[in-house]
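# Understanding the architecture of this molecule
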Amino acid sequence: QVQLVESGGGLVQPGGSLRLSCAASGFTFSRYAMSWYRQAPGKERELVAAIASAGGTTTYADSVKGRFAISRDNAKNTVSLQMNSLKPEDTAVYYCRAYYRFLRLEYWGQGTQVTVSS
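First, a word on what this report is: a plain description of the structure on this page.

Reading guide: rules and limits
Residues numbered from 1 in each chain as written. Predicted model: local features only at pLDDT ≥ 70, side-chain atom pairs only at ≥ 80, totals over all residues. Heavy atoms only, no water. Core = buried A, V, L, I, M, F, W, Y, C linked by side-chain atoms within 4.5 Å. Buried < 20%, exposed > 50% of the residue type's maximum accessible area, 1.4 Å probe, protein only. Helix = DSSP H or I, 4+ residues; strand = E, 2+ residues; numbered from the N terminus. Contact = heavy atoms within 4.5 Å. Disulfide = S-S within 2.5 Å.

## Considerations on the nonpolar core
Met34, Trp36, Val79, Leu81, Met83 and Tyr94 are the most contacted members of the largest nonpolar core, which totals 30 residues. Every element with two or more residues in this core is listed here: strand 3 (18-25), strand 4 (33-39), strand 5 (46-51), strand 7 (68-73), strand 8 (78-83), strand 9 (92-100) and strand 11 (112-116). In terms of residues, this core owes the most to one element, strand 9, which gives 5 residues. With residues near it in sequence (within four places) discarded, Met34 still touches Leu4, Phe29, Ala49, Ala50, Ile51, Ile70, Arg72, Val79, Cys96, Arg97 and Ala98.

This is how it looks when you write it as structure tokens:
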């Protein structure tokens, strides 16, 4: 059974930090590119950050460059998103996604709420 379980969301003040984690199981994690998406109320889901299967290549949305960092541990089947200098516009539900391009397989987590507010 495939599972992606996010954790680490919560309420934080502007300028604060949070670290999201996604624990994967039920598939060969090291073969999958991993990414974080977010969806704010009334908006479409958008890509925040992505990391290649081997961890060597990362991609970020312009809005989070220099503030967020994605990383993965293939030995522990986890992917993380370190979020610094958080802004109110970062408020959203954050989702973990696994994608295996050779078979076009993708899996999603259930999401974790991040709220940035004073």
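## Quick word on the state of the cysteines
Two cysteines, two sulfur atoms, one covalent bond between them: this is a disulfide. This structure, assessed with the given rule, holds 1 disulfide. In this model, Cys22 is linked to Cys96 through a disulfide, with the two sulfur atoms separated by 2.2 Å. Between Cys22 and Cys96, the disulfide has an S-S torsion of -85° and is therefore left-handed. Highlighted residues: Cys22 in strand 3 and Cys96 in strand 9, separated in sequence by 74 residues. Its relative accessible area of 1% is what places Cys22 among the buried residues.

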